[in-house]
Amino acid sequence: MPPPSDIVKVAIEWPGAFPKLMEIDQKKPLSSIIKEVSDGWSLPNHENFALQHADGTNFYITEKNRNEIKHGAILRLTTSPAQNALQLHERIQSSSMDSKLEALKDLARLSRDVTFAQEFINLDGVSLLTQLVESGNERYQKLQKIMKPCFGDMLSFTLTAFVELMDHGIVSWDTFSVAFVKKIASFVNKSANDSQILQRSLAILESMVLNSHDLYQKVAQEITIGQLIPHLQGTDKEIQTNTIAVINALFLKAPDDKRQEIALILAQKQLRSIILTHMIRSQDAVVGEMAHQLYVLQVLTFNLLEERMMTKMDPQDQAQRDIIFELRRIAFDAESELNNIGGSIEKRKSMYTRDYKKLGFINHVNPAMDFTQTPPGMLALDNMLYFAKNHQDSYIRIVLENSSREDKHECPFGRSSIELTKMLCEILKVGELPSETYNEFHPMFFTHDRSFEEFFCICIQLLNKTWKEMRATSEDFNKVMQVVKEQIMRALTTKPSSLDQFKSKLQNLSYTEILKIRQSERMNQEDFQSRPILELKEKIQPEILELIKQQRLNRLVEGTCFRKIYSRRRQDKVWYCRLSPNHKVLHYGDLEESPQGEVPHDSLQDKLPVADIKAVVTGKDCPHMKEKGALKQNKEVLELAFSILYDTNGQLNFIAPDRHEYCIWTDGLNALLGKDMTSELTQNDLDTLLSMEIKLRLLDLENIQIPDAPPPIPKEPSNYDFVYDCN
């Protein structure tokens with residue numbers, strides 16, 4: 001008799017018959033179980049049947065995934081994947097339009113299952129779909145003219161099935177013809193197209209560009225930015241998102257020498273203004289995939305600065321040296337002074353050296369040498385010139401104000417600009433590829449055509465202001481830069497909607513305010529290291545940890561929506577997982593779209609008893625991180641991955657939407673298993689709550705010095721012959 005852990009109790013359905021309740025021995029071959037079920041209903045040719053989940057996903061059960069079957073699951077005996085694929089392949093080629101349409105509808109639904117997809121692809125099914133898209137037979141063409149709605153549905157289901165089949169990564173994108181690319185591109189170029197056809201065509205073009213160099217070139221020849229722009233001006237969010245995704249893909253895969261050309265076209269087509277009007281400001285909040293694509297566009301746009309950032313200045317290049325002369329001229333209006341000096345070379349050199357010192361360059365004799373370090377290279381000089389020309393009054397004020405101070409108190413404009421440019425490049429991660437999971441874009445960078453330069457202009461004025469507030473000297477330069485970085489980072493976290501709002505946020509983050517924030521956020525180590533306080537902390541800590549544990553478990557009960565990330569391209573498919581209120585069962589299941597609130601337990605078909613969980617693993621120890629593919633190479637995805645291991649080979653794999661959710665779930669799962677919560681979020685929460693609780697308990701002792709050691713115990717009395725007389 002097999003052990004209980006190998007037995008799964010399920011119900012199996014068959015059309016027109018009462019469901020069967022039976023026990024499945026997971027050690028027996030799947031073919032034997034199917035034969036047993038088929039014989040029970042007297043069905044011949046059991047090899048033509050298969051078991052399938054009846055939970056809405058309709059995924060086939062195979063030897064690889066059979067361990068995912070849970071107690072109480074409802075299964076369905078159905079046609080085998082191979083038989084089903086063969087029947088659909090024949091029906092799609094039917095002369096009956098109704099039969100063809102129903103077949104394509106079924107194909108679009110079934111192609112989500114990799115088992116069926118493999119069988120259909122083995123029948124050269126992808127080629128069949130591409131033929132339908134490229135040309136089709138005469139009746140198919142007539143249907144387009146006579147029955148446009150029906151044709152739209154047929155083409156929509158064809159493209160949907162194609163997308164689902166290709167998402168499994170079985171067929172190479174390099175196998176498709178120019179005719180197919182042109183046909184898909186034509187669906188995008190037609191402004192009056194059906195929204196479903198347009199959305200799927202855009203998704204196909206994005207995958208072509210990202211997964212094949214040859215197809216990128218073909219798509220780039222067929223699709224122009226001007227043809228994509230109108231799709232951003234509508235109200236359909238999915239189409240807007242897919243359009244930005246195509247633009248990003250073309251941008252990302254373009255050769256280095258073509259990216260500046262694409263950026264120029266985007267500027268001419270006023271892409272930034274269109275995105276700001278029709279996407280960012282037309283809705284309350286940009287979230288999900290749209291936010292991710294805008295983040296990618298932001299990163300790719302800033303990456304155009306990388307070339308200048310990594311370009312050293314050539315001290316012998318007269319055109320580059322003229323920029324420094326221009327900075328000097330604007331600051332000191334030096335032309336008239338030069339004419340008055342006459343031809344004395346020594347006097348000219350002396351005057352240049354003096355002015356370059358006032359401008360704050362490190363090398364007073366030859367300031368070109370200040371721009372030979374990369375990063376920030378020539379980008380720093382570009383920013384300085386932009387500031388001098390476009391914010392001339394502020395530029396002159398900063399330079400003259402500092403040149404009139406004592407040497408040790410002047411804020412060196414040149415050195416500050418170089419270091420600030422380098423810092424801003426680090427903050428915005430200029431030169432790094434966009435993350436697959438990040439979606440934190442900044443709306444303010446879409447409000448100006450020269451947003452990086454304007455960003456610099458605001459920050460250089462902040463730096464000068466902070467320098468004065470700190471009464472800094474040249475020795476304090478690095479300290480000032482640290483404070484400025486903190487001011488910028490804190491202002492950015494508020495997600496200002498415009499550069500003016502960003503500037504306003506910085507006004508409220510003076511050096512004094514930064515000191516107050518630092519003091520309120522950190523525990524004063526000097527005050528909280530005395531022995532009585534440490535003993536109090538030790539006594540309070542278990543209560544605080546229990547409070548944190550309850551918060552983590554409550555968040556698991558609320559549940560979280562997790563994105564499914566594939567190795568070949570990012571997708572919108574999501575699934576949901578939540579803990580039952582009694583903390584005994586995890587409920588999970590696939591969703592068609594991201595939920596607006598909590599998902600009820602009864603809508604999640606799959607269950608995992610907490611008692612069955614053997615371990616929780618993270619990062620590279622996760623089974624889905626050990627597989628081949630892009631996920632293994634993506635460091636950020638690796639840091640968000642965790643898995644639940646149960647039974648013998650059972651596993652439930654997660655990729656958290658962000659670091660906060662990762663900490664919540666790993667802490668919560670460890671708490672369920674009776675293990676320590678070890679995330680940095682727990683440590684931060686513990687420090688914060690301990691500090692608050694101790695301060696509350698010490699309110700009555702304010703302004704009273706707490707001794708480092710307890711008071712001495714008095715000596716024992718000489719005798720105990722005393723009593724308190726109550727009379």
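Sequence order sets the numbering: in each chain, residues are counted from 1 along the sequence as written. At least 70 in pLDDT is required for a residue's local features to be given in this predicted model, at least 80 for side-chain atom pairs to be given and counted, and no such filter applies to totals for whole chains, interfaces and linings, which use all residues. The side-chain figures draw on all heavy atoms in the structure; neither hydrogens nor water molecules are used.

Q: Could you give me a rundown of the overall build of the protein, with the residues and numbers involved?
A: Helical segments are the DSSP runs of H or I of at least four residues, strand segments are the runs of E of at least two, and each set is numbered from the N terminus. Along the backbone of the protein there are 31 helices and 11 strands. Here's how the labels work: a residue is buried when its accessible area is under 20% of the maximum for its type, exposed when over 50%, partly exposed in between, all with a 1.4 Å probe on protein chains only. Counting all 727 residues of the protein, 46% fall into the buried class. Contacts were defined at the residue level, with two residues in contact if any of their heavy atoms lie within 4.5 Å. Of the contacts formed within the protein by residues at least 6 apart in sequence, a portion of 65% connects residues at least 24 apart. On the protein, roughly 38000 Å² of surface is accessible, and the fraction owed to carbon and sulfur atoms is 49%. Reported accessibility uses the Shrake-Rupley method at a 1.4 Å probe radius. Residues are deemed covered only where the shown protein chains occlude them.

Q: Describe unusual backbone geometry, listing the residues and the values that go with them.
A: The step from Thr 374 to Pro 375 runs through a cis peptide bond, and the omega angle for that step is -15°. The omega angle of the peptide bond from Pro 375 to Pro 376 is 10°, so this bond is cis rather than trans. Within the secondary structure layout, Pro 376 lies in the loop between helix H19 (345–358) and helix H20 (378–390). Even without glycine at this site, Gln 270 takes up a positive phi of about 55°. The topology assignment puts Gln 270 in the loop between helix H13 (256–268) and helix H14 (271–280). Among the residues examined, Gln 270 registers a relative accessible area of 54% and is labelled exposed. A positive phi angle, near 55°, is found at Lys 495, a position not held by glycine.

Q: Could you give an account of the environment of Asn 303, with specific residues and numbers?
A: Turning to its location among the elements, Asn 303 is positioned in the loop between helix H15 (288–302) and helix H16 (306–309). You can call Asn 303 buried: its relative accessible area is 15%. Linking Asn 303 and Arg 259, residues 44 residues apart in sequence, is a C-alpha distance of 9.7 Å. Beyond its immediate sequence surroundings of up to four residues, Asn 303 is in contact with Lys 429, Val 430, Gly 431 and Glu 432.

Q: Which residues make up the pairing of strand E3 (residues 49–53), and what values do they have?
A: Of all 5 residues that make up E3, 5 are buried, and the element is covered over most of its length. Of the two faces of E3, the one carrying Phe 49, Leu 51 and His 53 and the one carrying Ala 50 and Gln 52 are both buried. Strands were regarded as paired on the criterion that DSSP finds at least two bridges between them. Pairing geometry for E3 and strand E4 (residues 74–79), over 5 bridges, is antiparallel. Within the sheet, the bridge partner assigned to Phe 49 lies in E4 and is Thr 79.

Q: Which residues make up the side chain of Ser 38, and what values go with them?
A: Along the chain, the position of Ser 38 falls in helix H1 (residues 30–40). Ser 38 has contacts with Leu 43, His 46, Phe 49 and Leu 77, leaving out every residue within four places of it along the chain.

Q: Run through the sheet that holds strand E11 (residues 650–655), naming residues and quoting values.
A: Taken in spatial order, the 3 strands of this open sheet run E9-E10-E11, and their pairing is antiparallel. Two strands lie at the open edges of the sheet, namely strand E9 (613–618) and E11, each paired on one side alone. The average undirected angle you get between the axes of adjacent strands in this sheet is 15°. Here 6 bridges tie strand E10 (residues 641–646) to E11, and the two strands are oriented antiparallel to one another. Paired with Ile 644 across the two strands is Leu 652, which belongs to E11. The sheet contacts of helix H30 (residues 659–672) involve E9, E10 and E11, and relative to E10 the element is tilted by about 25°. Axis lines are fitted to C-alpha atoms, over the contacting stretch for helices. Their N-to-C directions set the angle, which ranges from 0 to 180 degrees.

Q: Please set out helix H11 (residues 225–232) residue by residue, giving values where relevant.
A: It helps to recall that an α-helix has 3.6 residues per turn; residues three or four apart then point in one direction. Every buried residue belonging to H11 is among Ile 225, Leu 228, Ile 229, His 231 and Leu 232, and all of these are buried. Seen end-on, H11 carries its buried residues on one side only, within an arc spanning 160°. Looking at the packing, one finds that the buried side of H11 touches helix H8 (178–189), helix H9 (195–211), helix H12 (237–253), H13 and H14. It is the directions from the helix axis to the C-beta atoms that the arc portrays.

Q: Break down the nonpolar core for me, with residues and values.
A: To qualify as a nonpolar core, a set must consist of buried Ala, Val, Leu, Ile, Met, Phe, Trp, Tyr and Cys residues joined through side-chain atoms within 4.5 Å. In terms of nonpolar packing, the biggest core is built from 82 residues, with Phe 162, Ile 184, Met 208, Ile 275 and Leu 294 touching the most fellow members. If we ignore the near neighbours within four places in the chain, the residues touching Met 208 are Trp 173, Phe 180, Val 181, Ile 184, Leu 215, Tyr 216 and Val 219. Of all hydrophobic cores here, the second largest spans 65 residues; its members include Ile 323, Ile 398, Leu 463 and Phe 502.

Q: Please provide a residue-by-residue account of the packing of aromatic side chains, values included.
A: Here a pair means two rings of Phe, Tyr or Trp (six-membered ring of Trp) with centres within 6.5 Å. Their orientation is stacked below 30 degrees between planes, edge-to-face above 60, and tilted elsewhere. Scanning all chains against the criterion turns up 31 aromatic pairs. For the pair Trp 14 and Phe 49, a centre-to-centre distance of 5.5 Å together with 75° between the ring planes defines the contact as edge-to-face. Remark: Phe 49 occurs in strand E3 and Trp 14 occurs in the loop between strand E1 (7–13) and strand E2 (20–25); sequence separation between them is 35 residues. Classification of Trp 14 by relative accessible area gives partly exposed; the value is 22%. Note on Phe 562 and Phe 654: the rings are 5.0 Å apart at their centroids and 75° apart in plane angle, and the pair reads as edge-to-face. Of this pair, Phe 562 sits in strand E5 (residues 560–565) while Phe 654 is found in strand E11, placing the two residues 92 residues apart along the sequence. Accessibility expressed as a relative area gives 1% for Phe 654, which makes it buried.

Q: I'd like a rundown of the side chain of Glu 661, residues and numbers included.
A: Relative to the helices and strands, Glu 661 is located in helix H30. Discounting chain neighbours no more than four positions away, the residues touching Glu 661 are Arg 555, Thr 560 and Ala 656.

Q: Give me the environment of Thr 311: which residues, what numbers.
A: In this structure, Thr 311 sits in the loop between H16 and helix H17 (318–332). Exposure remark for Thr 311: the relative accessible area of 26% places this residue in the partly exposed category. Along the primary structure Thr 311 and Met 378 are separated by 67 residues, whereas in three dimensions their C-alpha atoms are 5.8 Å apart. The contacts of Thr 311, once residues within four sequence positions are left out, are Phe 371, Thr 374, Gly 377 and Met 378. By the criterion applied in these results, polar contacts are pairs of N or O atoms within 3.5 Å in which, for protein atoms, one can donate a hydrogen and the other can accept it, and in which residues neighboring in sequence qualify only through two side-chain atoms. A distance of 2.5 Å separates a polar atom in the side chain of Thr 311 from the backbone oxygen of Glu 307.

Q: Tell me about the sheet that holds E4, and please be specific about residues and values.
A: If you walk across this open sheet you meet the 4 strands as E2-E1-E4-E3, and the pairing is mixed. Either end of the sheet is taken by a strand with one partner, and the two such strands are E2 and E3. Between one strand and the next, the sheet's axes are offset by a mean angle of 45°, whatever the strand orientation.

Q: Tell me what's going on with the pattern of salt bridges, and back it up with residues and numbers.
A: What makes a salt bridge here is a side-chain nitrogen of Lys or Arg within 4 Å of a carboxyl oxygen of Asp or Glu, nothing more. Using the criterion set out here, one finds 25 salt bridges in the structure. We note a salt bridge from Arg 259 to Asp 256, for which the minimum N-O separation is 3.7 Å. Of this pair, Arg 259 and Asp 256 both sit in helix H13, 3 residues apart, which is roughly one turn of the helix. Judged by its relative accessible area of 63%, Asp 256 is exposed. Here Glu 661 and Arg 555 are joined by a salt bridge, their closest N and O atoms 2.4 Å apart. Taken together, the residues Glu 661 in helix H30 and Arg 555 in helix H27 (residues 531–558) connect sequence positions 106 residues apart.

Q: Please set out the packing of H12 against H13 residue by residue, giving values where relevant.
A: Where H12 contacts H13, the two axes come as close as 9 Å, and the packing angle between them is 150°. By the angle between their directions, the pair H12 and H13 is classed as roughly antiparallel. Classified by chirality, the crossing of H13 by H12 is left-handed. Two secondary-structure elements touch here, H12 through Ile 247, Leu 250, Phe 251 and Leu 252 and H13 through Arg 259, Ile 262, Ala 263 and Leu 266. Residues of the contact of H12 with H13, tallied by class, amount to 7 nonpolar, no polar and 1 charged. Relative orientations are named as follows: roughly parallel for angles under 35 degrees, roughly antiparallel for angles over 145 degrees, roughly perpendicular for angles from 65 to 115 degrees, and oblique for any other angle. Each helix crossing is assigned a hand: it is left-handed if the near helix lies turned anticlockwise from the far helix by less than a right angle, otherwise right-handed if that turn is clockwise. Gly is put with the polar residues, along with every residue not named as nonpolar or charged; the nonpolar set is Ala, Val, Leu, Ile, Met, Phe, Trp, Tyr, Cys and Pro, and the charged set is Asp, Glu, Lys and Arg.

This is a description of form; function is not addressed.
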